[in-house]
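An overview of the molecular structure
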Amino acid sequence: MILISLICLALTMLVIVELSVGFASLAALKDQRGEPGSACTVSVVVPACNEEEKIEAGLRSLAGQDYQQLEIVVVNDRSTDATGESIERVRRKFPQIIRVDIKELPVGWLGKPHALQRGAEAASGDFLLFTDADVVLEPTTISRALTAMHKKHLDHLALVFNNSTRGGLLNAIVADIGAGLMWLIKPWRARIQGSRFFVGVGAFSMVRADVYRAIGQHEQVSMQVIDDLFLGKLIKRKGYRQECMAGRGLVEVPWYGSVNELIAGLMKNVFAFFSYNLWYMAFGVVALAVVVVLPYWGALFCEGLARLCFIGAIGVRVVGLGLGLLSSGVEKRAIAWLLVTPFILPYIILRATMIALAKGGISWRGSFYPMKELREQEWVLSGLFKII
């Protein structure tokens, strides 16, 4: 048991150190000086499905950008609430907003990729910025991003955002999920030409319009649940230059309003991360249990050095993720909740898997997608692991 405890401690330290060093290596967009008067046109594409409560704030933040050559394309994707009325209220004040309405979803498409495709088709900019309806941008964000694109000779820029939602347990779960995902895809390595790592962020992905068309647009990700990450994968695969930067203080997203909302929202895409494969899912749950759950049992039932190592593994994880939470401005009580989240994450994975299997597919934006069609798609994480 001493050997197992040492392995748990070593793995935890390895993950936390790599995350800390990796995030510290991300360049901060705030360090870039924006050029509001650039001649390039930027088209912002915003898909919206039943976003009546959040879309106005997002659109106003876009219309308030200091960048002058800006076009905003908002796509009302089959909304059944008052999203359309919310869009019109903002459009009356900001006529540069172009509205696209979708009434029906074509066969062979998921709702969000289709909405993004339609928005991109209506856009005329030299650069396309794909974002979400609930994202709020600081007024200089787009001009700074364009400066970074030019200076770094990038074809694709993704920004890590701030989660503006309050709640200790909610933020602890988000931190745990985010840390696991970031450790897998390692976005700080996406900028390395020829590496197998790539990045895509739904809240902020800016891409050159000619590059977007060259990779086949969203038609290539029409049935990808994790469309933002897969689009970044295609861009990197084709040899274009991409980078992930820190958008702290510039990009804010209220990423779910409650724990229940978070869990419900994740039901559609958690199984997708395992390619809808039960063996991959089982391996992921076991690995998660060994690294973050086993130390609790060891701390309770082991003795001597083994117990100390298991306690050390728990402490390293909580301190490492806790410091990350504090640096992002999250309330301190979220740190205590990090002691609980290791038991919630396996539940989320297992629940999402069981629901998808029981239904024979997933439901998203009012449509049902059969498992057979979803399993035919390329796995978003394929190629990241040398053995797969």
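What you see is a predicted model, and the numbers here were worked out from it, not measured in a lab.

On to the sheet that holds strand β5 (residues 136–137). Within the open sheet, the 3 strands sit side by side as β5-β10-β7. Their pairing is mixed. The open sheet has two edge strands with one neighbour each: β5 and β7 (162–163). Looking at chain direction, β5 and strand β10 (residues 251–253) are connected through 2 bridges and run antiparallel. Residue pairing across strands places Val136 opposite Glu252, the latter belonging to β10.

Turning next to a nonpolar patch on the surface. A cluster of nonpolar residues, Ile2, Leu6, Leu305 and Leu308, forms a patch on the protein surface that exposes about 370 Å² of accessible area. Among the secondary structure elements, those contributing two or more residues to the nonpolar patch are α1 (2–25) and α11 (304–327). Judged by relative accessible area, which is 43%, Ile2 ranks as partly exposed.

Bringing the sheet that holds strand β4 (residues 127–130) into the picture now. Reading across the sheet, the 7 strands line up as β3-β2-β1-β4-β8-β6-β9 and stay open at both edges, with mixed pairing between neighbours. At either margin of the open sheet sits one strand with a lone partner, and together these are β3 (97–102) and β9 (242–246). Neighbour to neighbour, the strand axes of the sheet diverge by 20° on average, direction disregarded. Bridge count for strand β1 (residues 42–48) against β4 is 4 bridges, and the pairing is parallel.

The next subject is helix α10 (residues 278–301). At Val293, α10 shows its strongest bend, of approximately 45°, with the proline Pro295 following within four residues. Three or more residues of α10 are buried, namely Met281, Gly284, Val285, Val292, Val293, Pro295, Tyr296, Gly298 and Ala299. On its buried side, α10 packs onto α11 and α13 (341–359). At the N-terminal end of α10, a side-chain oxygen is found 2.8 Å from the backbone nitrogen of Trp279, two or three residues along, and the residue is Asn277.

On to the nonpolar core. Core analysis: the largest hydrophobic core is formed by 120 residues, its most contacted members being Val42, Leu59, Phe130, Ile142 and Met206. A per-element tally of this core places helix α6 (residues 168–185) first, with 9 residues. Apart from the residues lying within four places of it in its own chain, the contact partners of Val42 are Tyr67, Gln69, Leu70, Glu71, Phe127, Leu129, Ile142, Leu146 and Met206.

Direction vectors running N to C along α10 and α11 enclose 140°, while the axes themselves pass 8 Å from each other. For the element pair α10 / α11, the angle class is oblique. α10 and α11 meet at a crossing whose hand is left-handed. For the pair α10 and α11, the contacting residues are Val292, Leu294, Pro295, Tyr296, Gly298, Ala299 and Leu300 in the first and Arg307, Phe310, Ile311, Ala313, Ile314 and Arg317 in the second. Per-class residue counts for the contact of α10 with α11 are 10 nonpolar, 1 polar and 2 charged.

Glancing now at the pairing of strand β12 (residues 367–370). Side chains Ser367 and Tyr369 project from β12 onto a buried face, and the interleaved Phe368 and Pro370 project onto a face without burial. By the bridge criterion, 4 bridges tie strand β11 (residues 361–364) to β12 in an arrangement that is antiparallel. The partner of Trp364 across the bridge, within β12, is Ser367.

This part takes up the pairing of strand β2 (residues 70–77). Among the 8 residues that make up β2, 8 are buried, leaving the element largely enclosed by the rest of the structure. Neither face of β2 is exposed, since Leu70, Ile72, Val74 and Asn76 on one face and Glu71, Val73, Val75 and Asp77 on the opposite face are all buried. Where β1 lies against β2, 7 bridges are found, and the strand directions are parallel. Its bridge partner lying in β2, Pro47 is registered against Val75. Crossover handedness for the path β1 to helix α2 (residues 55–63) to β2: right-handed. Bridging between β2 and β3 involves 6 bridges; their strand directions are parallel. Within β3, the residue paired with Ile72 across the bridge is Ile97. In this fold, the crossover linking β2 to β3 by way of helix α3 (residues 83–93) has right-handed handedness.

For α2, every residue scored as buried is listed here: Ile55, Gly58, Leu59, Ser61, Leu62 and Ala63. As for α2, its buried residues are in contact with β1, β2, α3, β3, β5 and α5 (141–151).

What follows deals with the packing of α1 against α6. Relative orientation of the contacting elements α1 and α6 amounts to 80°, with a least axis distance of 10 Å. Overall, the two elements α1 and α6 adopt an arrangement that is roughly perpendicular. Residues Val15, Glu18, Leu19 and Phe23 of α1 form the contact with α6, whose own contacting residues are Ala179, Met182 and Trp183. In terms of residue class, the contact of α1 with α6 is built from 6 nonpolar, no polar and 1 charged.

Next up on the list: the environment of Pro187. Of note, Pro187 is situated in the loop between α6 and β8 (205–208). Considered as a pair, Pro187 and Leu26 are 161 residues apart in the sequence and their alpha carbons are 8.6 Å apart. Those residues in contact with Pro187, other than ones at most four positions away along the chain, are Met182, Val199 and Cys244.

Cut-offs used in this document
- Residues numbered from 1 in each chain as written.
- Predicted model: local features only at pLDDT ≥ 70, side-chain atom pairs only at ≥ 80, totals over all residues.
- Heavy atoms only, no water.
- Pairing = 2+ DSSP bridges.
- Helix = DSSP H or I, 4+ residues; strand = E, 2+ residues; numbered from the N terminus.
- Patch = residues over 30% accessible without salt bridge, like charges linked within 9 Å, V, L, I, M, F, W, Y side chains within 5 Å.
- Areas by Shrake-Rupley, 256 points an atom, 1.4 Å probe, with all protein chains shown as cover.
- Salt bridge = Lys/Arg side-chain N within 4 Å of Asp/Glu carboxyl O.
- Buried < 20%, exposed > 50% of the residue type's maximum accessible area, 1.4 Å probe, protein only.
- Axes fitted to C-alpha atoms, helices over the stretch in contact; angles between N-to-C directions.
- Bend = angle between axes of the 7 residues up to and from the residue.
- Contact = heavy atoms within 4.5 Å.
- Polar contact = N/O pair within 3.5 Å; in protein donor to acceptor, adjacent residues only side chain to side chain.
- Core = buried A, V, L, I, M, F, W, Y, C linked by side-chain atoms within 4.5 Å.
- Parallel < 35°, antiparallel > 145°, perpendicular 65-115°, else oblique.
- Left-handed = near helix turned anticlockwise from the far one by under 90°.
- Nonpolar A, V, L, I, M, F, W, Y, C, P; charged D, E, K, R; others polar.
- Right-handed = clockwise from strand over helix to strand, strands pointing away.

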